[in-house]
Each structure stands twice: as C-alpha cells, then as structure tokens.
Amino acid sequence: MLLQVARWMIKCLAAQAPAPAAPAVRPEDGAYLWVEQPAAPMDSSMPADLVAQAAVSGLAQAARTLAVRAAATLSAAVAGGMSAENAFSTVAGVELAEAGRAHARLLLAAAFYRAVGASAAPAPVVRVLWRLCALHAAGELCAHGCLPLLETGWLDPAGPAEARAAVSRLLADLRPDAVALVDAFGLSDWELSSVLGRHDGDVYTHLLAWARRSPLNRKEKMEAFEKHVRPLMGHEAAGSITSKL
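What you see is a predicted model, and the numbers here were worked out from it, not measured in a lab.

**Student:** So what exactly am I meant to see when it comes to the pattern of salt bridges here?
**Tutor:** Proximity of charged atoms lets side chains of opposite charge pair with each other. Under the criterion given, the structure shown has five salt bridges. Here Glu-151 and Arg-69 are joined by a salt bridge, their closest N and O atoms 2.6 Å apart. Of the two residues, Glu-151 sits in helix α5 (residues 123-152) while Arg-69 sits in helix α2 (residues 48-79), which places them 82 residues apart along the sequence. We classify Arg-69 as partly exposed; its relative accessible area is 28%. Of the charged contacts in the structure, one is a salt bridge between Glu-140 and Arg-105, with a shortest N-O distance of 3.7 Å. Within this pair, whereas Glu-140 is found in helix α5, its partner Arg-105 is found in helix α4 (residues 93-117), the two being separated by 35 residues in sequence.

Have a look at this one:
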C-alpha cells in the first residue's frame, strides 16, 4: 500500500499543475507536492494552534522532499536504461516507501488540524484539543520529519530543539487533562478487560483479586515445579550439577 501511495505522489509531481499549491492542511489532492511549503518556524512559546499549523506545514514539506528525492532516483535509473517498473520496485523502493509513510502521517495530522479548527465544542474543550493536535503533529515532526528538512535547509539547525521543547511543554499542559481525555473514549470495564483504567480507579485491590483467580495460583506450588524443578534442586544440593561454562 505504501508503494501505491508513493506511485500516486510521483504522478502528482509529474503533473506540475500551474495552479497555486494547496495548503498543507488539505493534502488529499497532492497539490502540496507542486511547490515548496513556506517556511514555518516553530517557537515553543507559541499557542498550540500555531504549533500545530507549523508542524503540519513541516510534515507536508518533509513528504514533498522525500517524494522529490524518490522521483529523482527513479529518473536516474530510467535514464540509465532500466525500465520504469524495475526502477520502481528495485532501485527506489525504500525511498518510495518513506515518501508514502510521510504522506500518511501528513494526512492524519492535517485531518486532525481541520477537525479541531471546525469544532463547535466549548472553548475550554477546544483549547485542550488544540494542545492534543499540536502534540500529535509536533511529535510526528520530531520523530520522522526533521532529518529531510534539515538536509534540504528548510528547517534551521535550531528547529528540532524548538519542536522538542514544544512537545515537552504540551505534555506538561495536557497532564491535568490526561485522565479526562482517556475517559472520553467511553470504554467500559468490560471492553477494557483489564484492571488498569477501571472506572473507580481501584487498581491494586482488583489486581490482587485477578491474580488470586488465576489458574496458576490455585495451588501454593505449581505441578511443573514438583515435576521439573524440585529434582534439579535436590541434585544441586548433592553437588551433581556442574556449570556448562
């Protein structure tokens, strides 16, 4: 599937439509691939919505950079006499898969950005959602987008540090809302099938109860212990077992 996505990206690059490029937050038609995204410096002190916008722009430029790189590798292979299909599957496969992954990350981050921007939820809820959106986009940029952006000079050397600082600040800002965000999924105790995340928060009491109900704990000593381990302990006491080292 990644290679199919990358094939579509290469076709979009080859189209070179004269129309203005679409913004990074609407990457579905591939128009963001036509021209370089405008630089969007990230400052860790910026509001969460601006951090999200800058991070999405960075993810778009990273996807474009990887797609352009893969297209150049394909063109060089074809110019050297290799068929387009062979070049696609053998020479540029790794670079194409990287470009496909980058586009998938951009799609998720951009969809999140648009959804929060269009939300009609109360202002305090939207504020938390912007922090979560920014955390997602900036985290993806830190993990996967900085290297190609640094290689091309789109991102200055201080950019990764600013992105990491933004992630750290957003984590701290979201900490008071972490439990509410998890509970917002509305998963019941039955669906969780775990003592962790119980609705009443009484984890350790129920963890002990689960352990007591386990078949492994019905007897003080397991049958396998008496059958396999006990004989070894007896021989060891008699000094008949030596190290294999």
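Having seen it, we continue.
**Student:** Sorry, what's going on with helix α6 (residues 159-174) here?
**Tutor:** Owing to its 3.6 residues per turn, the α-helix brings residues three or four apart onto one side. The end-to-end C-alpha separation of α6 is 22 Å, in line with the 22 Å expected for 16 residues at 1.5 Å each. What α6 keeps buried is the set Gly-159, Pro-160, Ala-163, Ala-166, Val-167, Leu-170 and Leu-174. Each buried residue of α6 lies within a common arc of 120° when the element is viewed along its axis, so the set occupies one face. Along its buried surface, α6 packs onto α2, α5 and α7 (178-183).

**Student:** Which parts of the structure should I look at to understand the nonpolar core?
**Tutor:** Buried together is how nonpolar side chains tend to be arranged in soluble globular proteins. Membership of the largest hydrophobic core comes to 54 residues, with the highest contact counts inside it found for Met-42, Val-51, Leu-96 and Trp-130. Looking at this core, the elements that each hand over two or more residues are α1 (2-15), α2, α3 (84-91), α4, α5 and α6. Counting residues per element, this core draws most heavily on α2, which supplies 16 residues. Discounting residues that sit within four places of it in the chain, Leu-96 has contacts with Leu-2, Leu-3, Ala-6, Ile-10, Ala-70, Leu-74 and Phe-88.

**Student:** For this particular structure, what's the right way to read the packing of α2 against α5?
**Tutor:** Between two packed helices, what matters for the description is the angle formed by their axes and the separation of those axes. With their axes 7 Å apart at the nearest point, α2 and α5 run at an angle of 35° to one another. Judged by the twist between their axes, the crossing of α2 over α5 is left-handed. Partitioning the contact of α2 with α5 into residue classes produces 16 nonpolar, five polar and five charged.

The rules behind each value
Residues numbered from 1 in each chain as written. Predicted model: local features only at pLDDT ≥ 70, side-chain atom pairs only at ≥ 80, totals over all residues. Heavy atoms only, no water. Salt bridge = Lys/Arg side-chain N within 4 Å of Asp/Glu carboxyl O. Helix = DSSP H or I, 4+ residues; strand = E, 2+ residues; numbered from the N terminus. Buried < 20%, exposed > 50% of the residue type's maximum accessible area, 1.4 Å probe, protein only. Expected span 1.5 Å × (residues − 1). Arc of directions from axis to C-beta. Contact = heavy atoms within 4.5 Å. Core = buried A, V, L, I, M, F, W, Y, C linked by side-chain atoms within 4.5 Å. Axes fitted to C-alpha atoms, helices over the stretch in contact; angles between N-to-C directions. Left-handed = near helix turned anticlockwise from the far one by under 90°. Nonpolar A, V, L, I, M, F, W, Y, C, P; charged D, E, K, R; others polar.

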